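Notes for the structure review
Here are the chains, one letter per residue:
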Amino acid sequence: MSLKERIKECLEEDLLELTEFRGDLCVEVPKNRVLEVMSKLKKEAGFDFLSDVFGVDNLDLYAAKAKKAKKKTGEEEEEEPKKKEPPPPRFEVMYLLLSLSTNERLQVKVRVPEDDMDVPSVTGIWRSATWPEREAFDMFGFRFKGHPNLRRLLMWDEFEDHPLRKDYPLEGKGEERHLNYDTV
Amino acid sequence: MNFQAIQGEGWLLTKAEQLINWGRSRSPWPFPYGTACCGIELMCALASGYDMARFGAERVAFTPRQCDVLIEAGTITKKMVPVLKRIYAQMAEPKWVIAVGACACTGGVFRTYSTQQGIGSVIPVDIYIPGCPPRPEGILYALLKLIDKIEADHPLYKQRQKVVEALEAGK
C-alpha cells in the first residue's frame, strides 16, 4: 500500500486536502483536530520524528490572486453578481514529519485565520516541537495552546511585533533593546 | 619614544606621557569579540601565520577586565547590543575599540529589523576596518593604526583636565 493510500485510510474524514508535488505529499487538516490527527499519524502511520514547525503568511499571495481575478472578470463580463466568499485564512502552520523506520516524509498543513491565532501545541506528542513552536510564535504570533514555555525564541522578550508577517517592514519599526542588568 | 641618554652615567631622560604611551602602545591586549565570519579572519590574524603578537597583542584576554582593545569582529544583532555595551563597560581604562568588517561598521548587507546598523552608535569606536570580511592584513593594519593613535595620545593632560574640571565644578 502506498503512502498516499495509507494516509487516506489513517486520516479518513479529517483529511481536507491531499496534494502531491514532485513526490512530496502534503495534507491539510482542520485546526481543531490537530492533536487527534497528529497522534494518529504518529501511532498508526509511523511518523515518529517531527523535523520542523513553521508558519506561512499568505497576505500578498491572496492580494495578488484577487487582483488577477478582478482583472479577468473585468474584461469578460461584469453584470453577473459574484457571490461573496469569505476570505481564506491568512496564515498556515506547516508540520514536517519524518518516519525514521521507512524514511517517508509528510507535510501537514493547518490553516489559521488572523482573528483566531490559537493552535493546539503538539509538544505533548513530539517533545522536539517546543523550540520550533516558540520560533513560529515569535515570528508569526501563533498562540500554541498547551505549550510549556511559550516565550520568544529569536527576538528579545520586550519585542512586540511578529517580524515575519508580510505587513511588517523589513527594516523594522525602530525597536531597540535597552541595557537592563537584570536580564543581560 | 624620544629620550636622551646622559653620557656615561646610565640615565635616560624622557617625558612621562611618552613613557606611558610607550608602555600602552607596546601591549594592546585584545579582547576577541567574534560574532560572525570576521571572527575567523581575526583568529587567522592571531594565529602563527600572521601572528598579531609581533605587535604586542600578545595575550588574548578572554575576560573584559584584563584587556585593552575590544576587537568587535562580526554582526551585532539588536538583541546582542546590551551585551556589547555591558562588556565595554566592564573593560578597565584605558580602552579602545576596533570595528572589524562591514557588519560592525554599518550593518553591512543585513539592513533588517534585527541587525544593529553599525556599533558606532552604541559604543565609541576608534578604528573601522572595511571589508566583508577584511583580510588578516587589514586587521594587522588597523592594530598598527591604533598603536599610532595611542602614541599620539596625551594621557596625563587628559587626567589633569579631568581634575581641573572637577575642581571647578566643586567651587
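For clarity, every value in this text was computed on a predicted model and none was experimentally measured.

Rules used in this analysis
Residues numbered from 1 in each chain as written. Chains lettered and ligands numbered in written order. Predicted model: local features only at pLDDT ≥ 70, side-chain atom pairs only at ≥ 80, totals over all residues. Axes fitted to C-alpha atoms, helices over the stretch in contact; angles between N-to-C directions. Helix = DSSP H or I, 4+ residues; strand = E, 2+ residues; numbered from the N terminus. Parallel < 35°, antiparallel > 145°, perpendicular 65-115°, else oblique. Contact = placed C-beta atoms within 7 Å. Nonpolar A, V, L, I, M, F, W, Y, C, P; charged D, E, K, R; others polar. Pairing = 2+ DSSP bridges. Core = buried A, V, L, I, M, F, W, Y, C linked by C-beta atoms within 7 Å. Buried ≥ 20, exposed ≤ 12 C-beta atoms within 10 Å, placed from the backbone. pLDDT = per-residue confidence, 0-100.

Residue and element names in this part refer to chain B. Viewed as axis vectors pointing N to C, helix α2 (residues 38-46) and helix α5 (residues 136-151) meet at an angle of 70°, and their least axial separation amounts to 8 Å. Taken as axis vectors, α2 and α5 run roughly perpendicular relative to one another. In contact with Glu-41, Leu-42, Cys-44 and Ala-45 of α2, α5 contributes Pro-136, Ile-139 and Leu-140. Of the residues contributing to the contact of α2 with α5, the split by class is six nonpolar, no polar and one charged.

Turning our attention to the sheet that holds strand β6 (residues 127-129) of chain B. Backbone-to-backbone hydrogen bonds pair the strands of a sheet. The strands run either parallel or antiparallel. Residues and elements named next belong to chain B. The strand order across the open sheet formed by four strands is β3-β4-β5-β6, and the pairing between neighbours is parallel. Each having just a single partner strand, β3 (30-34) and β6 make up the two edges of the open sheet. Direction aside, the axes of adjacent strands within the sheet are offset by 15° on average. The pairing of strand β5 (residues 96-100) with β6 spans three bridges and is parallel. By the bridge assignment for β6, Val-100 is matched with Ile-129.

Residues and elements named next belong to chain B. Ranked by internal contacts, the top residues of the largest apolar core, which has 34 residues, are Val-69, Ile-71, Ile-98, Ala-99, Val-100, Ala-104 and Leu-146. Ranked by residues supplied to this core, first place goes to α5 with six residues. Look past the residues within four positions of Leu-146 in its chain and what remains in contact with it is Pro-28, Val-69, Trp-96, Ile-98, Asp-126 and Ile-127.

Here the focus is the environment of A:His147. Residues and elements named next belong to chain A. Following the sequence through the fold, His-147 ends up in the segment after β7 (143-145). In this structure His-147 comes out as buried when scored by C-beta crowding, with 20 C-beta atoms within 10 Å. When the C-alpha atoms of His-147 and Lys-72 are compared, they prove to be 45 Å apart, with 75 residues separating the residues in sequence.

Quick look at the environment of B:Ser121 now. Checked against the element boundaries, B:Ser121 lands in the loop between α4 (101-106) and β6. For the pair B:Ser121 and B:Gly56, spaced 65 residues apart in sequence, the C-alpha to C-alpha distance is 29 Å.

Here we take up the sheet that holds strand β5 (residues 104-112) of chain A. All names here are of chain A. The mixed open sheet is built from five strands, whose spatial order is β1-β2-β5-β4-β3. Because the sheet does not close on itself, it has two edges, and the strands there are β1 (17-21) and β3 (49-57). Neighbour to neighbour, the strand axes of the sheet diverge by 20° on average, direction disregarded. Relative to β5, strand β4 (residues 91-99) is paired through nine bridges, and the arrangement is antiparallel. Across the sheet, Leu-98 pairs through a bridge with Arg-105, a residue of β5. The strands touched by helix α1 (residues 3-11) within the sheet are β1, β2 (24-29) and β5, with β2 carrying the most contacts at an inclination of about 15°. Sheet contacts for helix α4 (residues 130-140): β3 and β4; angle to β3, the most-contacted strand, approximately 5°.

Turning next to the confidence of the model for chain B. Note: predicted coordinates in regions of low pLDDT should not be interpreted at a detailed level. All names here are of chain B. Considering every residue of chain B, the mean pLDDT works out to 90; 99% of them sit at 70 or more. Considering each helix and strand of chain B separately, the mean pLDDT is smallest for strand β1 (residues 4-6), with a value of 73, and largest for β5, with 95. For this predicted complex, the interface score ipTM comes out at 0.75, alongside a pTM of 0.81.

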